[in-house]
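Chains, contacts and geometry: an overview
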Amino acid sequence: MPFMDVRGCIEKAVERALTELGVTSGTITLEHSAELSHGDYATGVALKFAKQSGKNPRELAEAIVASLGVIEGVEKVDIAGPGFINFKLSPAAIVERLDHARTDEKWGTGDALVGKTIMVEYTDPNPFKQFHIGHLMSNAIGESITRLLEHSGASVLRANYQGDVGQHVAKALYVLLERGTTEPTIEEISSAYVEGSTRYEADGQIAVAINEINKKVYDRSDPEVNEMYAKGREITLAHFEDIYTVLGTKFDYYFFESETAPIGMEIVRAHPEVFTPSEGAIIFVGEKYGLHTRVFVTGLGLPTYETKDLGLAKLKADTATFDTSITVTASEQMDYFKVIKKVMEFVMPDIAPKIEHVTHGMMRFAQGKMSSRKGNVVTGESLLTELTEAAKARAAESRAKDHEKLAQEIAVAAIKYQILKQAAGKDIIFDPARALSMEGDSGPYLQYTFARTHAILDRVHVANIKPAFDAGTEPTDLMRLLARFPEIVARAAREYEPHHLATYLIEVASAFNSWYGQVQILDQSKDEPHKVAIVEALSHTLKNGLSILAIPAPERM
RNA sequence: GCCUUCGUAGUUCAAUGGAUAGAACAGGGCUCUUCUAAGGCCUUAAUGUAGGUUCGAUUCCUACCGAAGGCACCA
């Protein structure tokens, strides 16, 4: 950290004080004060350990404070309420941080994960199928987690795992071959899948034919199937790339089920002591461990998703060296993943401890909104397109040069913010009107606030004002909030919870807008470089914060 | 049936066992000759039910009620 680690100093001082008083504390909890009037940090240790020390909480608090000594960067320590100890940072410590906010490109970056390599797998759409909303959620959450980890010093490997073999592929291929299309469009491919699925359910003969194609895709025995397969796969993958560009993701590794299937099969064959034959299939009896029993190889001798996932884990480890491998999926796979992890403990004990699973909820739609047209589900793409269309009217009146691009940036912000503002793992009730409304708690609100700061900074540049903080002035609440940014990022990264950052950004943006409403920042009559310095610090905080959430931050709107 | 996750203003979300449970939207009332009104200011309103642990529970435990998801050849 390039600035004083006041938080660390306080924690150490409190810990030492507790030890001197004969209290065994373990780790102490220091929190950001909910009320800035209380100070910057607060701890309830005196309440927690009162009993153990034999004192009442206020007495213990006084004893702790008495033996704290001087802590650099702390201006005031006091005891409040039932026995909270409040710490207030000195103006010098706040200004030191905000000067970093103003000038340091890396503002917000920590060092908790320096030297670690982490692979994060997310998005995971399937060729021959649409890019649906679950993929959008996985991408938004996965991309922001990778950026949080990067801002904690880790090197991150972005991985995308795509199902290019399996029944869904056969369903699409059956219809495409029947239609006799030579150069299918992306729309034709996804409609072929939808049609194939319906007919698979409705007609037993077609189901047999589709299963036949499924087998051919695995064994590559039919040139006609091979050709259509190659074409369809290439077209969907190229189309997904366009979506990743809009969303701001660039993957380092692409893994495919066609590669992981044979590796997985080999693993299953090599461990007869782990798997059990049953009714023609090969299964893992998870019930022995309080988990689900799952099929790894079907009665037809084909690998299931389970087996492919084992192959994937091995393929990942063979491809890159990492300390941790995180997979982001929908929460419906939570129990499934426990089974896979248990199997890995037996078949790849060196990799198993590195595997982590992060889940996200489902997106649901507020009633009556965005009702899907008959036979046309709301996909990730259609959501992006509809919101971009809706944003165009506003964008047309904006100061941005490229209104089309701005509309798209607003749409991405609207969607991503809705996903990232709440704790991952919970379902999201998505109301497009609200997401786009730009009023209050929204992605566009953050963008608008950033654009405002940029408008001011443009004028500052023209007027040649040099931003600087007044030494000795009492820092405002906004300044104290801004100083927290690196610690917010660190916590969000530690917990894999981007929403801590999203809600923080709304808090600072709202504090800024309130100040902006009361104060003339650029006042011709007097030179007030500290106000400009605050705007600069905020602007960079929003810019870096939005960047970590992978939300675009246009300078004009 | 068994297992997992979750129940917070009318609605959508916050809250690291702690201080007066925070926002936003919707409703009501103000606010642009001033740096972007996509803004700001004021205002009404909530912890599913019943117990328990604790100095202190939205948070931990138990039961009930309600919601979502999972539970053998789909992913």
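Treat the numbers as computed from the prediction; the structure is a model and nothing was measured.

The rules we used
Residues numbered from 1 in each chain as written. Chains lettered and ligands numbered in written order. Predicted model: local features only at pLDDT ≥ 70, side-chain atom pairs only at ≥ 80, totals over all residues. Helix = DSSP H or I, 4+ residues; strand = E, 2+ residues; numbered from the N terminus. Buried ≥ 20, exposed ≤ 12 C-beta atoms within 10 Å, placed from the backbone. Contact = placed C-beta atoms within 7 Å. Core = buried A, V, L, I, M, F, W, Y, C linked by C-beta atoms within 7 Å. Near = placed C-beta within 6 Å. Nonpolar A, V, L, I, M, F, W, Y, C, P; charged D, E, K, R; others polar. Pairing = 2+ DSSP bridges. Axes fitted to C-alpha atoms, helices over the stretch in contact; angles between N-to-C directions. Right-handed = clockwise from strand over helix to strand, strands pointing away. Parallel < 35°, antiparallel > 145°, perpendicular 65-115°, else oblique. Expected span 1.5 Å × (residues − 1). Left-handed = near helix turned anticlockwise from the far one by under 90°.

**Observations concerning the overall build of chain A**
Of the regular secondary structure elements, chain A holds 21 helices and 14 strands. Counting only C-alpha atoms, chain A reaches 80 × 65 × 40 Å along its principal axes. Classification of the 557 residues of chain A by burial places 42% in the buried group. Within chain A, counting contacts between residues at least 6 apart in sequence, those at least 24 apart form 74% of the total.

**Points about the environment of Gln 167**
Looking at the element boundaries, Gln 167 is found in helix α7 (residues 167-179). When the 18 C-beta atoms within 10 Å are taken as the criterion, Gln 167 is described as partly exposed. Separated by 48 residues in sequence, Gln 167 and Lys 215 have C-alpha atoms that sit 9.1 Å apart.

**A closer look at the nonpolar core**
Counting 144 residues, the largest nonpolar core has Leu 173, Ile 415 and Leu 482 as its most contacted members. A total of 11 residues in this core trace back to one element, the largest contributor, which is helix α15 (residues 403-420). Setting aside its immediate chain neighbours within four residues, Leu 173 contacts Ile 213, Val 225, Met 228, Tyr 229 and Gly 232.

**Details of helix α19 (residues 485-495)**
Given 3.6 residues per helical turn, the α-helix brings residues three or four places apart onto the same face. Regarding α19, the residues found buried are Phe 485, Pro 486, Ile 488, Val 489, Ala 490, Ala 492 and Ala 493. For α19, the elements touching its buried residues are α5 (91-103), α6 (133-150), α18 (477-482), α20 (499-518) and α21 (529-548). Phi for Tyr 496, located one or two positions after α19, is positive at around 55°.

**Some words on the protein's contact with RNA strand B**
For RNA strand B, the set of nearby residues contains 74 residues, the closest of which are Leu 47, Thr 298, Gln 422, Gly 440 and Gly 517. The element contributing the most residues to the surface near RNA strand B is helix α17 (residues 443-463), with 8 residues. Counted by class, the surface near RNA strand B contains 27 nonpolar, 29 polar and 18 charged residues.

**Describing the sheet that holds strand β12 (residues 355-360)**
With parallel pairing, 5 strands are arranged side by side in an open sheet as β7-β6-β5-β11-β12. At either margin of the open sheet sits one strand with a lone partner, and together these are β7 (253-256) and β12. Strand-to-strand twist in this sheet, taken as the mean axis angle between neighbours without regard to direction, amounts to 25°. Bridge count for strand β11 (residues 324-330) against β12 is 6 bridges, and the pairing is parallel. The residue of β12 that forms the bridge with Thr 329 is Thr 359. Across the sheet, helix α12 (residues 305-319) is in contact with β5 (117-121), β6 (155-162), β7, β11 and β12; its angle to β7 comes to roughly 150°.

**Focus: the pairing of β11**
Of all 7 residues making up β11, 5 are buried, and the element is well covered by its neighbours. In terms of strand pairing, β5 meets β11 through 4 bridges, oriented parallel. Within β11, the residue paired with Val 120 across the bridge is Ile 326. For the handedness criterion, the β-α-β arrangement of β11, helix α13 (residues 334-347) and β12 is classed as right-handed.

**Digging into the packing of α7 against helix α10 (residues 223-247)**
Where α7 contacts α10, the two axes come as close as 10 Å, and the packing angle between them is 110°. Relative to α10, the element α7 is oriented roughly perpendicular. Listed contacts from α10 to Ala 172, Leu 173, Leu 176 and Leu 177 of α7 are Glu 224, Val 225, Met 228, Tyr 229 and Gly 232. Its residues assigned to classes, the contact of α7 with α10 shows 7 nonpolar, 1 polar and 1 charged.

**Some details on α10**
Relative to the 36 Å expected for 25 residues at 1.5 Å per residue, α10 spans 36 Å between its end C-alpha atoms, a close match to the ideal helical length. Every buried residue of α10 is accounted for by Val 225, Met 228, Tyr 229, Gly 232, Thr 236, Phe 240 and Leu 247. The inward-facing, buried residues of α10 contact α6, α7, α8 (186-202), α9 (204-219) and α15. Note on α10: the residue one or two positions beyond its end, Gly 248, has a positive phi of about 85°.

**Some details on the sheet that holds strand β1 (residues 30-32)**
Judged by pairing direction, the sheet is antiparallel, and its 4 strands sit side by side in the order β1-β2-β4-β3 without closing on themselves. Each edge of the open sheet is held by one strand with a lone partner, namely β1 and β3 (74-80). Strand after strand, the sheet turns through a mean of 25° between neighbouring axes, direction not considered. Direction of pairing for β3 relative to strand β4 (residues 84-89): antiparallel, over a ladder of 6 bridges. Considered in β4, the bridge of Lys 76 is made with Lys 88.

**Description of the packing of α20 against α21**
Two numbers describe how α20 lies on α21: the axes approach to 10 Å, and their chain directions differ by 155°. As summarised for this structure, α20 and α21 are arranged roughly antiparallel, according to the angle between their axes. As for the relative orientation of α20 and α21, their crossing is left-handed in sense. Contacts between α20 and α21 involve Leu 501, Leu 505, Val 508, Ala 509 and Phe 512 from the first element and Leu 538, Thr 541, Leu 542, Gly 545 and Ile 548 from the second.

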